[in-house]
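Descriptive structure summary
Here are the chains, one letter per residue:
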Amino acid sequence: MSGNVVVSEGKSVGKSVQEMSMDGDEPPPQFVVKEHPFGSKQCNSSSESIHIPIIDVSLLLSSEQELLQLRSALASSGCFQAVGHGMSSSFLEKVREVAKQFFALPVEEKQKYARAVNESEGETLEEFSIKTKAMMDQLLRSMARSLNVEENSFLKQFGGDSAMMQARFNFYPPCSRPDMVLGVKPHTDRSGITALLQDAQVEGLQVLIHDTWINVPAIPDALVVNLGDQMQIMSNGIFKSPMHRVITNREKLRMSVAMFNEPDAEAEVGPVEALINGTRPRMYRNVKNYGVINYQCYQEGKVALETVRVAHN
Ligand code: OGA
Ligand code: NI
């Protein structure tokens, strides 16, 4: 498994905005967000009733109630905060430290480090990857049980040991104009499932729920789990791959570590047969190498999931 961890640095707004915020200038035009097609309502007081659910992963095997919560979280927002995952506060803090050290390295050293992790010398990070993968596997089985289908229905589509775990370190420098510049523009993840270790203090992640941007609070011991497009396909559209974005902070740097679990590029991914029926016909065609489809759509400004949707008259 460890051989499949790929480390990269997120393409956040980066240095120019950092420099800009020091100078107090207007943001360079390429960072200024114009109208975008994916919902635009801001969080407001009326949306405070919508919140991101907290799921205790350790209860999913024993508690029917928790399993129902999981299903309802994934069928509505596609996102929750996972606790009870067995990783200690001090371990998670160590992972944040490793990410910060990585950020401080010069470019050539970062490339070496990425290779070193492939050779399973990344220690802390490798351990984080293994533990996160174990949590994800458990979640994938629980998701299947929550829909009353065979427990490996989702997991087996990832292609077993050849599934890819990708780690991405994201850094968002302080920005003087959070009203004009986003850390990451709205997107859905192309993964099967994503787990995000957020900054322990600084918030910034927002998820689009009912056309409103909802803040994901910083809970130091929790991992934010969100589904990617490929789980929306496998669940025949029952579970959602949520649109999310990152807003910038005027004073503080924010970091995060994202772990993406993606089916093997050679594996065929499609809606679980038992989730296709008369009332819910097949919503997506089977796909291979969704990463490439997603990338091409991104280049062409298309929504990738729409291009693999099956038309029904
Ligand atoms: C991502 C992402 C959110 C964050 O890397 O795909 O959505 O809070 N990151 O950094
Ligand atoms: Ni994302």
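Anyway, here's the lowdown on the structure attached to this text.

Rules and cut-offs
Residues numbered from 1 in each chain as written. Chains lettered and ligands numbered in written order. Predicted model: local features only at pLDDT ≥ 70, side-chain atom pairs only at ≥ 80, totals over all residues. Heavy atoms only, no water. Helix = DSSP H or I, 4+ residues; strand = E, 2+ residues; numbered from the N terminus. Contact = heavy atoms within 4.5 Å. Areas by Shrake-Rupley, 256 points an atom, 1.4 Å probe, with all protein chains shown as cover. Buried < 20%, exposed > 50% of the residue type's maximum accessible area, 1.4 Å probe, protein only. Donors = N, O, S within 2.8 Å, 3.2 Å for Na, K, Ca; no water. Phe/Tyr/Trp six-rings, centres within 6.5 Å; stacked < 30°, edge-to-face > 60°. Lys NZ or Arg CZ within 6 Å of the ring centre and 35° of its normal. Near = heavy atom within 4 Å. Polar contact = N/O pair within 3.5 Å; in protein donor to acceptor, adjacent residues only side chain to side chain. Nonpolar A, V, L, I, M, F, W, Y, C, P; charged D, E, K, R; others polar. Axes fitted to C-alpha atoms, helices over the stretch in contact; angles between N-to-C directions. Parallel < 35°, antiparallel > 145°, perpendicular 65-115°, else oblique. Pairing = 2+ DSSP bridges. Left-handed = near helix turned anticlockwise from the far one by under 90°.

1. A closer look at the overall build of the protein
- The number of helices and strands found in the protein is 8 helices and 11 strands.
- Partitioning the intrachain contacts of the protein with sequence separation of at least 6 by distance along the chain shows that 81% fall at a separation of at least 24.
- For the protein, the accessible area works out to roughly 14900 Å², and carbon and sulfur atoms hold 50% of it.

2. Looking at the environment of isoleucine 54
- Secondary-structure assignment places isoleucine 54 in strand β2 (residues 54–56).
- On the basis of relative accessible area, isoleucine 54 is assigned to the partly exposed category, the value being 46%.
- Measuring from C-alpha to C-alpha, the distance between isoleucine 54 and alanine 222 comes to 8.5 Å, with 168 residues separating the pair along the chain.
- Those residues in contact with isoleucine 54, other than ones at most four positions away along the chain, are Glu66, Gln81, Val83 and Ile219.

3. As for the coordination of the nickel ion (ligand 2)
- Taken together, the protein ligands of the nickel ion (ligand 2) are His187 (NE2), Asp189 (OD) and His244 (NE2), with distances of 2.1 to 2.2 Å.
- Within one chain, the residues serving as donors to the nickel ion (ligand 2) are arranged as H-x1-D-x54-H. One end of the pair, aspartate 189, is in the loop between β5 (182–187) and β6 (193–198); the other, histidine 244, is in strand β10 (residues 244–247), with 55 residues separating them in the sequence.

4. Let's talk about the packing of aromatic side chains
- Summed over the entire model, instances satisfying the criterion amount to 4 aromatic pairs.
- Ring centres of phenylalanine 103 and phenylalanine 171 lie 3.9 Å apart, and the angle between their planes is 15°; this geometry places the pair in the stacked category. Separated by 68 residues along the polypeptide, phenylalanine 103 in helix α3 (residues 89–104) and phenylalanine 171 in strand β4 (residues 164–172) bring together distant segments of the chain.
- Residue class for phenylalanine 103 comes out partly exposed when judged on its relative accessible area of 33%.
- You can call phenylalanine 171 buried: its relative accessible area is 3%.
- When the ring centre of phenylalanine 91 is taken as reference, the NZ or CZ atom of lysine 131 above it lies at 4.5 Å.

5. So, the site of ligand 1
- Taken together, 13 residues surround ligand 1, and among them Arg168, Tyr172, His244, Arg254 and Ser256 come closest.
- A distance of 2.6 Å separates an oxygen atom of ligand 1 from a polar side-chain atom of tyrosine 172.
- Within the side chain of aspartate 189, an N or O atom sits 3.3 Å from an oxygen atom of ligand 1.
- Mapped by element, the contributors of at least two residues to the shell around ligand 1 are β4, β10 and β11 (254–262).
- In terms of residue class, the shell around ligand 1 is built from 6 nonpolar, 4 polar and 3 charged.

6. Let's talk about the packing of helix α2 (residues 64–76) against helix α5 (residues 124–146)
- It is at 9 Å that the axes of α2 and α5 come closest, and there the two elements cross at 90°. Here α5 runs roughly perpendicular to α2, going by the angle between their axes. Within the contact between the two elements, α2 uses Leu67, Leu70, Arg71 and Leu74 and α5 uses Leu139, Ser142, Met143, Arg145 and Ser146.
- Split into classes, the residues belonging to the contact of α2 with α5 amount to 5 nonpolar, 2 polar and 2 charged.

7. What to know about unusual backbone geometry
- Although it is not a glycine, asparagine 148 adopts a positive phi angle of roughly 60°.
- Among the secondary structure elements, asparagine 148 is positioned in the loop between α5 and β4.

8. Brief notes about the sheet that holds β5
- Reading across the sheet, the 4 strands line up as β5-β10-β7-β8 and stay open at both edges, with antiparallel pairing between neighbours. Edge positions in the sheet fall to β5 and β8 (212–215), since each of these pairs with one other strand and no more. Along the sheet, successive strands turn relative to each other by an average axial angle of 30°, direction set aside.

9. A closer look at the packing of α3 against α5
- Running from N to C, α3 and α5 point in directions that differ by 125°, and their axes come no closer than 9 Å. As judged from the angle between their axes, α3 and α5 are oblique. For α3 against α5, the interelement crossing comes out left-handed. Seen from α3, the contacting residues are Phe91, Leu92, Lys94, Val95 and Val98; seen from α5, they are Thr124, Glu127, Phe128 and Lys131.
- In the contact of α3 with α5, the residues fall into 5 nonpolar, 1 polar and 3 charged.

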